[in-house]
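Chains, contacts and geometry: an overview
What follows is the residue order along each chain.
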Amino acid sequence: MREKKWKDCPACGAKDSMHYKSGITEQLKLAGYPPLEINDLDGQFCTSCEEGFWSMNSEKQISHSLARHRAECDSKTVVAAELASVKEAAATLHLSAQGIHKMMDEGRLRYVLAGGLKLPIRKDLARQAQTRQRAVHRHA
Ligand SMILES: [Zn+2]
């Protein structure tokens with residue numbers, strides 16, 4: 001995949017207004033969770049309206065950090081009975097254990113951190129299993 005290089009702003013239409021910026025600190029808010037600050041992000045932003053796009057790396061970093069943040073918060077409230085093992089998740093979704101870890105890292109499958117392990121949340125696993133039945137398999 002290649003990074004799209006923007007020149008004109010797709011949001012406000014300003015010409016030649018998109019510029020690369022790095023070292024950005026962003027406070028991210030996730031409903032129901034304390035805000036999370038992420039440093040050192042980059043992307044292309046409009047000098048006129050400040051709309052913009054994160055770079056692919058930053059986007060990855062954001063979803064990874066948010067997933068981890070949510071996992072850390074959830075580990076205080078979610079009980080063991082609500083958790084599945086990675087093995088169980090892999091069997092349910094017909095994926096490898098590696099595929100499950102990838103989904104968790106990308107924030108597509110919710111998990112909590114328990115004793116240093118990432119454990120999928122059973123409810124979210126069921127939801128994913130349903131979604132996957134309907135969805136086109138984009139990530140083969
Ligand atoms: Zn703009």
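See the structure above.
Below you will find a few notes about this structure. Bear in mind the structure is a predicted one, so any value in this text is a computation, not a measurement.

Take the overall build of the protein next. When its secondary structure is counted, the protein shows 4 helices and 5 strands. Along the protein, helices and strands appear, N-terminal first, in the series β-β-β-α-α-α-β-β-α. Since a compact globule built from 140 residues should have a radius of gyration of about 14 Å, the 18 Å found for the protein marks it as more spread out than a globular shape. Over its C-alpha atoms, taken along the principal directions, the protein stretches across nearly 55 × 35 × 20 Å. The buried share among the 140 residues of the protein stands at 19%. Considering only intrachain contacts with a sequence separation of at least 6, the fraction spanning at least 24 residues in the protein is 55%.

Turning our eyes to something else, we now look at the sheet that holds strand S2 (residues 36–46). Read across the sheet, 3 strands follow the order S1-S2-S3 without closing on themselves; strand pairing throughout is antiparallel. At either margin of the open sheet sits one strand with a lone partner, and together these are strand S1 (18–28) and strand S3 (52–54). Between one strand and the next, the sheet's axes are offset by a mean angle of 40°, whatever the strand orientation. Along the sheet, helix H1 (residues 56–74) makes contact with S1, S2 and S3, crossing S2 at roughly 155°.

Relative to the assigned elements, Lys123 resides in helix H4 (residues 122–134). Through-space distance from the C-alpha of Lys123 to that of Arg110 is 9.0 Å; in sequence the pair is 13 residues apart.

What follows deals with the packing of helix H2 (residues 86–93) against helix H3 (residues 97–105). Where H2 contacts H3, the two axes come as close as 8 Å, and the packing angle between them is 95°. In terms of orientation, H2 and H3 fall into the roughly perpendicular class. Touching Val86, Lys87, Ala89 and Ala90 of H2 are Ala97, Gly99, Ile100 and His101, all from H3.

Counting residues in hydrophobic clusters, the biggest one holds 15 residues, and the most contacted among them are Ile100, Met104, Leu109, Tyr111 and Val112. By residue number, the principal contributor to this core is H3, which donates 3 residues. With sequence-adjacent residues up to four places away left out, Val112 is seen in contact with Ala71, Asp74, Ser75, Val78, Leu83, Leu119 and Ile121.

Here is what the cut-offs are and how they apply
Residues numbered from 1 in each chain as written. Predicted model: local features only at pLDDT ≥ 70, side-chain atom pairs only at ≥ 80, totals over all residues. Helix = DSSP H or I, 4+ residues; strand = E, 2+ residues; numbered from the N terminus. Rg over C-alpha atoms; globule rule 2.2 N^0.38 Å. Buried ≥ 20, exposed ≤ 12 C-beta atoms within 10 Å, placed from the backbone. Contact = placed C-beta atoms within 7 Å. Pairing = 2+ DSSP bridges. Axes fitted to C-alpha atoms, helices over the stretch in contact; angles between N-to-C directions. Parallel < 35°, antiparallel > 145°, perpendicular 65-115°, else oblique. Core = buried A, V, L, I, M, F, W, Y, C linked by C-beta atoms within 7 Å.

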